[in-house]
Amino acid sequence: MCDDSAFESLHMRMSHFHDHFKKQFKEIYRDADKDRKSHSSYLSTALSFVQTIHMHHDIEEQAVFPVLAKRMPAFRDDHPQEHKRMAAALDGYEKYVRACLKDQDKYNPLEMRRVMDEFKEPLFTHMDAEVESLKGHNMKKYWTKEEIKRF
């Protein structure tokens, strides 16, 4: 039996990032109505979260998707479209967080959760779909072990 761990490498790396994003989302959502003297630290964390998601997507679109898309239709058709569908909701979230950082009196935990609800399902579904696309059994259909090791 041959060792197929190389085929799981991208799946495992992407899972790590996406699990971290899900955990952050859940913590920010949970803490939306936490009693605090100032929302500054919380809102800075919320802003950092969306900035990191944007950076992650930029890296995927510029460095990862173009390579995978040469052979894997999901990275040419599906996953880039998922990024586009999420963009408006992520931008709305970022705009709200930035406005609240400028004027903390604008912060409302119910509004924060409403804004987050707008992108939760598309974000989580997208992250799960990307990870599924990168599972070893799927990667084997398109790449050799030697090619995978170069990623």
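The rules behind each value
Residues numbered from 1 in each chain as written. Predicted model: local features only at pLDDT ≥ 70, side-chain atom pairs only at ≥ 80, totals over all residues. Heavy atoms only, no water. Helix = DSSP H or I, 4+ residues; strand = E, 2+ residues; numbered from the N terminus. Buried < 20%, exposed > 50% of the residue type's maximum accessible area, 1.4 Å probe, protein only. Contact = heavy atoms within 4.5 Å. Core = buried A, V, L, I, M, F, W, Y, C linked by side-chain atoms within 4.5 Å. Expected span 1.5 Å × (residues − 1). Bend = angle between axes of the 7 residues up to and from the residue. Axes fitted to C-alpha atoms, helices over the stretch in contact; angles between N-to-C directions. Parallel < 35°, antiparallel > 145°, perpendicular 65-115°, else oblique. Left-handed = near helix turned anticlockwise from the far one by under 90°. Nonpolar A, V, L, I, M, F, W, Y, C, P; charged D, E, K, R; others polar.

J.: Teacher, can you tell me more about the environment of V97 here?
T.: Tracing the chain through its elements places V97 in helix α3 (residues 78-102). For V97, a relative accessible area of 0% gives the class buried. Distance from V97 to I59, taken between C-alpha atoms, is 23 Å for residues 38 residues apart in sequence. Setting aside residues no more than four positions away along its own chain, V97 makes contact with L43, A46, L47 and M112.

J.: So what exactly am I meant to see when it comes to the nonpolar core here?
T.: Side chains that are nonpolar tend, in soluble globular proteins, to be buried together. By size, the foremost hydrophobic cluster in this structure holds 26 residues, and its most contacted members are I28, F49, Y93, Y107, M112, F119 and L123. Those elements that place two or more of their residues in this core are α1 (5-30), α2 (40-69), α3 and α4 (109-133). Those residues in contact with F119 that sit more than four places away from it in its chain are F25, F49, A89, L90 and Y93. Counting 15 residues, the second-largest nonpolar core is a separate cluster that includes A6, F7, F75 and W143.

J.: Would you explain α3 in this entry?
T.: Think of an α-helix as turning once every 3.6 residues; residues three or four places apart then point the same way. Taking 1.5 Å per residue as the helical rise, α3 with its 25 residues ought to reach 36 Å, and the 37 Å between its terminal C-alpha atoms agrees with that figure. Along α3, the helix axis deviates most sharply at A87, where the bend reaches about 40°. Turning to α3, its buried residues number three or more, namely H79, P80, E82, H83, M86, A89, L90, Y93, E94, Y96, V97 and C100. Against α1, α2 and α4 lie the buried residues of α3.

J.: Help me understand the packing of α2 against α4, please; the structure alone is not making it clear to me.
T.: Angle between the axes and distance between the axes are the two parameters that describe a pair of packed helices. Between α2 and α4, whose axes approach to 14 Å, the crossing angle comes to 30°. Of the possible angle classes, the one that applies to α2 and α4 is roughly parallel. In this structure, the crossing between α2 and α4 has a hand that is left-handed. Only M112, F119, L123, H126 and E130 of α4 make contact with α2, whose side of the interface consists of Y42, A46, F49, I53, H56, H57, E60 and F65. Along the lines of polarity and charge, the residues of the contact of α2 with α4 split into eight nonpolar, three polar and two charged.

J.: How do you make sense of α1 when you look at a structure like this?
T.: Taking 1.5 Å of rise per residue, the 26 residues of α1 would be expected to cover 38 Å, and the 36 Å separating its terminal C-alpha atoms lies within 8% of that figure. Listed in full, the buried residues belonging to α1 are A6, F7, L10, H11, M14, S15, H18, F21, K22, Q24, F25 and I28. Residues of α1 that are buried make contact with α2, α3, α4, α5 (136-142) and α6 (145-149).

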